[in-house]
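Descriptive structure summary
So the chains spell out like this:
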Amino acid sequence: MKKLIYTVTLTLAFLALSSCTTTKVAGSGIKGKSASVKTGKRVIVDYQGATLGKEIPEWVELLVEGQYSQPVLKTVMPNLENKKVFVTMGRGDNLDFVQTWTDLVDIETEVAGALERVAGKAVEAEMRGKASAKGKAIDSTELERIINMYRASLVNVRFSGLERIASYWLETEVMDGKKVQNDYFEYYAVWAMDENLFEKQLKSAMSKIDETSTEAKELKSIVEAKLKNSIAVSNSEEIKNEADIYIVNNSIN
């Protein structure tokens, strides 16, 4: 099986067209001559709609630049007001395989896994910060216990209401002077769901968290805010270790 890197990101999450076609939105102004757009050492040599002389949509340009948040995407895509937005991204040397693999992602499972990881990072950051402010060493046993409590409440949550609203593909060459170092396809899909529905389901999952003490209540409030505003979906260790990046890399050979 050819190598595939599938990337799932997200910043904040989804609703949409049941169609797999790209939402009709304003172009980015990027339009290649003979379907070639130079971007430094990366050269886009083909893209969806190139044979018809179409521009690359502006929302695709934002994703390529790492802009995944709902406030940013809603300025160039319709139907994202009051939605949570996630992005799934695939990369590989075979377009059909990349599209098929990315479209088969269990997005609900990925979101649940993302929530679990973000909660764990938020708990650790808050507890270490408080311990440091008091000039004390953190209780590693207690830290592990609390992180596991949050993970257990979130990891098996399945968020209903996610729908794909747009998809797009690009073929890119990585250049070293005039030499092609790499040639790959990237496939992007934007998903969305009603913001109120997302928060309702998140609240249900968080209801299992112990908040019997004032300190526990404060921590829960901080973690909930983090989950509502910063979500990363990832199956790759290098991405899991980055707190505020909304990309996922998963290599399959």
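Each residue is numbered by its place in its chain's sequence as written, counting from 1. Only residues with pLDDT of at least 70 get local features here, since the model is predicted, and only at 80 or more are side-chain atom pairs given and counted; chain-wide, interface and lining totals rely on the full set of residues. Side-chain measures here rest on the full set of heavy atoms in the structure, leaving out hydrogens and waters.

We now examine helix α6 (residues 195-206). One turn of the α-helix equals 3.6 residues, which is why residues spaced by three or four share an orientation. Helix length check: α6 (twelve residues) gives 16 Å between terminal C-alpha atoms against 16 Å at 1.5 Å per residue, within 8%. Contacts made by the buried residues of α6 are with β4 (83-92), α4 (107-133), α5 (140-154), β6 (179-194) and α7 (214-229). Polar contact is defined as a pair of N or O atoms within 3.5 Å, subject to the rule that within protein one atom must be able to donate a hydrogen and the other to accept it, and that residues adjacent in sequence are counted only when both atoms are side-chain atoms. What counts as a helix is a DSSP run of H or I of at least four residues, what counts as a strand is a run of E of at least two, and both are numbered from the N terminus. By the N-cap criterion, in which a side-chain oxygen at the helix start approaches the backbone nitrogen of a residue two or three places on, α6 is capped by Asp194, the distance to Asn196 being 3.1 Å. A helix's residues, less one, multiplied by 1.5 Å, set its expected span. Note on contacts: a residue pair qualifies if any of its non-hydrogen atoms lie within 4.5 Å across the two residues.

On to the environment of Asp176. Topologically, Asp176 is positioned in strand β5 (residues 163-176). Relative accessible area serves as the criterion here: at 48%, Asp176 is assigned to the partly exposed category. Residues Asp176 and Arg42, spaced 134 residues apart in sequence, show a C-alpha to C-alpha distance of 9.1 Å. For every residue, the accessible area (1.4 Å probe, protein chains only) is compared with the maximum for its type, and the residue is labelled buried under 20%, exposed over 50%, or partly exposed between those bounds.

Residues of the protein chain with pLDDT of at least 70 account for 76%, and the chain-wide mean is 75. When pLDDT is averaged over each element of the protein chain, α5 comes out on top at 91 and strand β7 (residues 250-252) at the bottom at 30. Segment residues 1-23 is flagged for pLDDT under 50; beyond a separation of four residues in sequence, or across chains, it makes 137 contacts in the model. pLDDT measures the predictor's confidence residue by residue and takes values from 0 up to 100. Counting interchain partners and residues more than four positions distant, the pLDDT-below-50 stretch residues 232-253 has 75 contacts.

In this section: the pairing of β4. When you tally the buried positions in β4, you get nine out of ten residues, the bulk of the element. Should DSSP find at least two bridges between two strands, the strands are regarded as paired. Here β4 runs beside β6; their pairing, made up of ten bridges, is antiparallel. Counterpart to Arg91 in the pairing with β6 is Glu186.

Fitted lines through C-alpha atoms give the axes, limited to the stretch in contact for helices. The angle between two N-to-C directions lies from 0 to 180 degrees. Following both chains from N to C, one finds α5 and α7 inclined at 50 degrees, their axes separated by 13 Å at the closest point. Taken together, the axis directions place α5 and α7 in an arrangement best described as oblique. For the pair α5 and α7, the sense of crossing is right-handed. Contacts from Ile146, Tyr150 and Leu154 of α5 reach α7 at Ala216, Leu219, Lys220, Val223 and Leu227. Classification convention: Asp, Glu, Lys, Arg as charged; Ala, Val, Leu, Ile, Met, Phe, Trp, Tyr, Cys, Pro as nonpolar; all other residues, Gly among them, as polar. When its residues are assigned to classes, the contact of α5 with α7 shows seven nonpolar, no polar and one charged. Orientation categories follow fixed angle ranges, with anything under 35 degrees roughly parallel, anything over 145 roughly antiparallel, 65 to 115 roughly perpendicular, and all other angles oblique. A crossing counts as left-handed when the near helix is turned anticlockwise from the far one by less than a right angle, and as right-handed when that turn is clockwise.

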